[in-house]
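If you want the building blocks of each chain, they are given just below.
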Amino acid sequence: MDKQTFWKLIETARAEAADDQVAEHATALLARLPEAEIAAAQQVLWDLLAESYRSPLWAAAYVINGGCSDDGFDYFRGWLLTQGEAAFEAALADPDSLAAHPAVLEAALEGLELCDEEALSIAWSAYETATGRELPADSFTISYPPLDPAWDFDFDDTEETTARLPRLSALFDYS
């Protein structure tokens, strides 16, 4: 499985399932594929998580969710994966652009947290469903890049965060 095939899987799941069921449906779709392809999806998933391991996105998650721990950032990126390739790429290019995303707008109005822990285990769960076994540990590697030192500040510093993420800060009244 390559990145484009993974994104097609997510898009199919998005088209066929409710927003809060995308990860579950993607897991079911993936479980229908050959064992090797399911295992390969885990590496694609981790590569995307590594690609999104960026301080500006973490700051955006912090504003959106009213705080964001290490695990919370993982779960936020899981949610972002379930939004599809276009939303994912747009958020990486400009995290402040999330202020226009419909789910982010709803989160601001309703006080919702955007997270999807289940999305992190799409391939793991699909493999177990398809084979009855755990995904082999040697089928993937995890390698996160270092965080951007230019964003090494306390995200509770509302002045700095607002200057860097003005649209999200305004949407969530982050002052």
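See above for the structure.
Residues numbered from 1 in each chain as written. Predicted model: local features only at pLDDT ≥ 70, side-chain atom pairs only at ≥ 80, totals over all residues. Heavy atoms only, no water.

Caption draft 1: Region of the structure containing the overall build of the chain. A count of helical and extended segments in the chain gives 10 helices and 0 strands. Secondary structure elements in the chain, listed N-terminal to C-terminal, are α-α-α-α-α-α-α-α-α-α. For the chain, the C-alpha radius of gyration of 17 Å lies close to 16 Å, the compact-globule estimate for 175 residues. With respect to the three principal axes, the spread of C-alpha positions in the chain is 50 × 35 × 25 Å. Each of the 175 residues in the chain was classed as buried or not, and the buried ones make up 46%. Split by element, the accessible area of the chain, about 8,600 Å² in all, is 50% carbon and sulfur. Across the chain, 9 positive and 34 negative side-chain charges occur, with their mean positions spaced 8 Å apart. (Helix = DSSP H or I, 4+ residues; strand = E, 2+ residues; numbered from the N terminus. Rg over C-alpha atoms; globule rule 2.2 N^0.38 Å. Buried < 20%, exposed > 50% of the residue type's maximum accessible area, 1.4 Å probe, protein only. Areas by Shrake-Rupley, 256 points an atom, 1.4 Å probe, with all protein chains shown as cover. Lys, Arg positive; Asp, Glu negative; His and termini not counted. Charge placed at Lys NZ, Arg CZ, Asp CG, Glu CD.)

Caption draft 2: Summary view of the pattern of salt bridges. A complete count under the given rule lists 4 salt bridges for this structure. For Lys3, the salt bridge is made with Glu51, and the minimal N-O distance between the two is 3.0 Å. You can see Lys3 sitting in helix H1 (residues 3–16) and its partner Glu51 sitting in helix H3 (residues 35–51), a full 48 residues away along the chain. Take Glu51: its relative accessible area is 23%, and that puts it in the partly exposed class. Arg133 is the partner of Glu35 in a salt bridge, and the nearest nitrogen-oxygen pair spans 2.6 Å. (Salt bridge = Lys/Arg side-chain N within 4 Å of Asp/Glu carboxyl O.)

Caption draft 3: How the structure looks around a negative patch on the surface. On the surface, Asp19, Asp20, Glu24, Glu106, Glu110 and Glu118 cluster together into a negatively charged patch. Within the fold, Asp19 resides in the loop between H1 and helix H2 (22–31). Using a relative accessible area of 58% as the deciding quantity, one classes Asp19 as exposed. (Patch = residues over 30% accessible without salt bridge, like charges linked within 9 Å, V, L, I, M, F, W, Y side chains within 5 Å.)

Caption draft 4: Summary view of the environment of Ala87. By the secondary structure assignment, Ala87 is in helix H6 (residues 85–93). Sequence spacing of Ala87 and Ser97 is 10 residues, and the spatial spacing of their C-alpha atoms is 9.3 Å.

Caption draft 5: Representation of the layout of surface pockets within the structure. Quantified by volume, the largest pocket comes out at close to 310 Å³. Around the largest pocket sit 15 residues that line it, and Asp19, Trp79, Gln83, Ala103 and Leu114 are the ones nearest its centre. Counting residues per element, the lining of the largest pocket draws most heavily on helix H7 (residues 102–110), at 3 residues. Per-class residue counts for the lining of the largest pocket are 6 nonpolar, 3 polar and 6 charged. (1 Å grid on protein atoms, 1.4 Å probe; cavity = no way out; pocket = protein on both sides within 12 Å on 5 of 7 lines; lining within 4 Å. Points joined across faces, edges and corners; volume = space filled by probe spheres on them. Nonpolar A, V, L, I, M, F, W, Y, C, P; charged D, E, K, R; others polar.)

Caption draft 6: Summary view of H3. The first and last C-alpha atoms of H3 sit 25 Å apart over 17 residues, in line with the 24 Å expected at 1.5 Å per residue. Burial in H3 covers these residues: Ile38, Ala39, Ala41, Gln42, Gln43, Val44, Leu45, Trp46, Leu48, Leu49 and Ala50. On its buried side, H3 packs onto H1, H2, helix H5 (70–81), H6 and helix H8 (122–131). (Expected span 1.5 Å × (residues − 1). Contact = heavy atoms within 4.5 Å.)

Caption draft 7: Region of interest: the nonpolar core. Leu98 and Leu168 are the most contacted members of the largest nonpolar core, which has 58 residues in total. Listed by contribution, the elements that provide at least two residues to this core are H1, H2, H3, helix H4 (55–65), H5, H6, H7 and H8. (Core = buried A, V, L, I, M, F, W, Y, C linked by side-chain atoms within 4.5 Å.)

On their own, these measurements won't tell you what the molecule is for.
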